[in-house]
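Given next are the chains, with one letter for each unit.
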Amino acid sequence: MRRAGDLLTHVTSFFEEHQLAAAHAVIGVSGGVDSMVLLHLCQRAVEGAPPALGGFSVVHVHHHLRDAADRDAAFVQAYCRQHGIPCEIAHVEIADVRGEGLEAAARRARYEALAARARGKSGVILVAHHAQDELETFVMRLLRGAGPLGLGGMRPKVEMFGAHVLRPLIAVEKAAILEYAAAHGVPHVEDETNQDTRFLRNRVRQVVVPALRSIEPQAERKVLEALEILWAEDAYMQAQAERAAREVAAWRADGSILLSAARLAALHVSLQRRVIHILLNCFSAREWTFAHVESIRRLAAAKAASGEVHLAADVRCVKAYDHMYIGRPQRDNLHLSARVRWDLRAPEAGIGQGEARWRFRRLWVADPNPARLPSPWWLLLPAEVSWAEVAVGVPTSERVRLFGGRGTKKLQDIFTDAKVPRAWRPRWPVVFVDGEAVWVPGLMRSGAWLWRGGPAYVIRARAPAACLAAWPLRADRGRR
Ligand SMILES: Nc1ncnc2c1ncn2[C@@H]1O[C@H](COP(=O)(O)OP(=O)(O)OP(=O)(O)O)[C@@H](O)[C@H]1O
């Protein structure tokens with residue numbers, strides 16, 4: 001057990017190990033005993049050091065959630081003023097809980113605010129989590145059914161929102177912190193919500209931790225020992241997973257991700273899970289559950305050519321053949337008029353109504369393989385095209401350019417050659433780009449706007465069921 005007397009040496013060597021002396025770290029201080037002890041230790045660690053080596057600052061995040069929040073902010077500010085430490089009160093507003101719960105939303109907002117301040121400095125944030133926090137987190141995650149990734153708990157060093165979060169006290173027992181605070185008269189405030197048993201963490205702290213300690217007085221240390229083994233394995237697996245993620249996935253400028261279903265499914269199952277986790281973590285710091293990861297894994301391996309997983313209100317994973325897309329679809333551009341101007345940055349467009357509706361879905365593919373798209377139900381459009389027009393009721397005298405500059409073909413002839421029933425012809429859509437017909441879905445692609453390599457929009461058309469029933473010849477392809 002680490003005693004209070006060892007704390008300064010412990011923190012100093014933690015800083016040395018992480019080459020932090022000159023880091024100009026931002027210390028997250030709530031005003032509670034843990035972060036006040038960390039602050040006190042940092043003050044002592046840099047005592048006498050030239051300013052260039054010791055220039056840390058304090059950030060207190062004011063969440064505007066508790067009655068005592070003003071009191072805490074004023075306390076931290078007064079302490080820092082008294083000791084000549086630069087201090088900022090960062091006000092955050094938690095308007096968007098995104099189904100993750102208030103506690104998690106507050107935590108996300110807090111780290112976002114701390115990271116924003118740290119990025120302008122050394123990029124380092126220090127927080128005062130300790131061994132008991134680690135034990136509580138371990139128990140909570142165990143109860144949530146977490147795998148090794150989650151059970152690994154809070155690492156001594158992690159990346160969050162583009163900053164490094166370091167936890168110098170993670171191996172220190174709570175008793176040593178309290179002992180240190182008493183011995184050095186470290187002032188602090190009490191957070192009354194720590195007693196609120198509506199929070200799972202508080203119930204674990206009040207019920208489970210004492211029970212574990214009564215069975216194993218060294219429970220914190222034992223869990224830490226287990227975690228250290230886990231962290232070493234985790235670091236290795238994570239490096240493998242990051243490499244694999246770069247091989248299976250491509251990140252687009254708008255933040256969405258494209259990946260190959262086959263390549264993902266070919267990885268070892270535990271690597272698949274980690275890769276998916278890495279990809280999901282690109283979409284906010286909310287905690288994705290194992291169920292989300294498994295749904296994506298199943299979708300990748302499924303025989304079905306297409307499918308979709310709703311991950312959160314605004315994040316989806318969509319599969320079309322080998323392509324999988326994880327992202328936030330932009331505003332649904334679905335119109336039911338006869339002529340739709342389709343912004344290709346939106347994933348979908350539709351035309352017609354009910355049973356007679358045609359659907360168009362597009363994917364952005366960094367490096368398409370045209371050999372995979374032999375069917376006339378698919379179209380590749382060069383990346384520079386950003387608008388397409390989907391129209392029905394196009395006069396059958398409209399001409400579609402043939403490949404290789406060999407003239408044009410009338411829509412009338414295209415329908416006749418493909419034996420499309422007359423009843424369907426006025427309702428068959430034609431896709432235009434810049435006023436020129438580029439595609440009669442299911443029937444013919446034109447020689448206009450040809451893709452010649454590089455990133456592209458891959459568009460899939462799906463004919464209405466009623467149409468496929470009336471026109472059985474190519475029904476199988478339309479359904480895919
Ligand atoms: N409002 C805040 N502003 C800045 N940093 C914070 C704030 N709340 C928490 N932190 C940082 O995150 C760490 C962990 O937060 P957590 O809420 O788990 O603990 P805590 O009970 O608030 O800790 P403490 O005893 O320091 O108050 C804190 O020790 C502190 O470093």
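Above this text you will find the structure in question.
Residues numbered from 1 in each chain as written. Predicted model: local features only at pLDDT ≥ 70, side-chain atom pairs only at ≥ 80, totals over all residues. Heavy atoms only, no water.

### Description of the sheet that holds strand 15 (residues 378–382)
Strand order in the open sheet formed by four strands is 13-14-22-15, with antiparallel pairing between adjacent strands. Bordering the open sheet on either side are strand 13 (348–351) and strand 15, each of which pairs with just one other strand. Strand-to-strand twist of the sheet, defined as the mean angle between neighbouring strand axes without regard to direction, takes the value 20°. Pairing analysis gives five bridges linking strand 15 to strand 22 (residues 456–462), with the strands arranged antiparallel. Its bridge partner being in strand 22, L379 is matched across the sheet by I459. (Pairing = 2+ DSSP bridges. Helix = DSSP H or I, 4+ residues; strand = E, 2+ residues; numbered from the N terminus. Axes fitted to C-alpha atoms, helices over the stretch in contact; angles between N-to-C directions.)

### Structural notes on the site of the ligand
Taken together, 15 residues lie near the ligand, and G28, S30, D34, S35 and V61 sit nearest. At 2.3 Å from an oxygen atom of the ligand is found a side-chain nitrogen or oxygen belonging to S30. Against a free-state accessible area of 570 Å², the protein chains account for coverage of 84% of the ligand. When residues of the shell around the ligand are traced back to their parent elements, those giving at least two are helix 2 (33–45) and strand 2 (57–62). Looking at the shell around the ligand, its residues break down into six nonpolar, seven polar and two charged. (Near = heavy atom within 4 Å. Polar contact = N/O pair within 3.5 Å; in protein donor to acceptor, adjacent residues only side chain to side chain. Areas by Shrake-Rupley, 256 points an atom, 1.4 Å probe, with all protein chains shown as cover. Nonpolar A, V, L, I, M, F, W, Y, C, P; charged D, E, K, R; others polar.)

### Points about the pattern of salt bridges
Evaluation of the coordinates by the stated rule reveals 22 salt bridges. One salt bridge connects E294 with R297, and the closest N-O pair in it is separated by 2.9 Å. Of this pair, E294 and R297 both sit in helix 13 (residues 290–301), three residues apart, which is roughly one turn of the helix. By relative accessible area, R297 is classed as buried at 18%. In this structure, D417 engages K409 in a salt bridge whose closest nitrogen and oxygen atoms are separated by 2.8 Å. In the salt-bridge network here, residues are joined through shared partners; they are R66, R71, D72, D191 and E192. (Salt bridge = Lys/Arg side-chain N within 4 Å of Asp/Glu carboxyl O. Buried < 20%, exposed > 50% of the residue type's maximum accessible area, 1.4 Å probe, protein only.)

As far as function goes, none of this settles anything; it's purely spatial.
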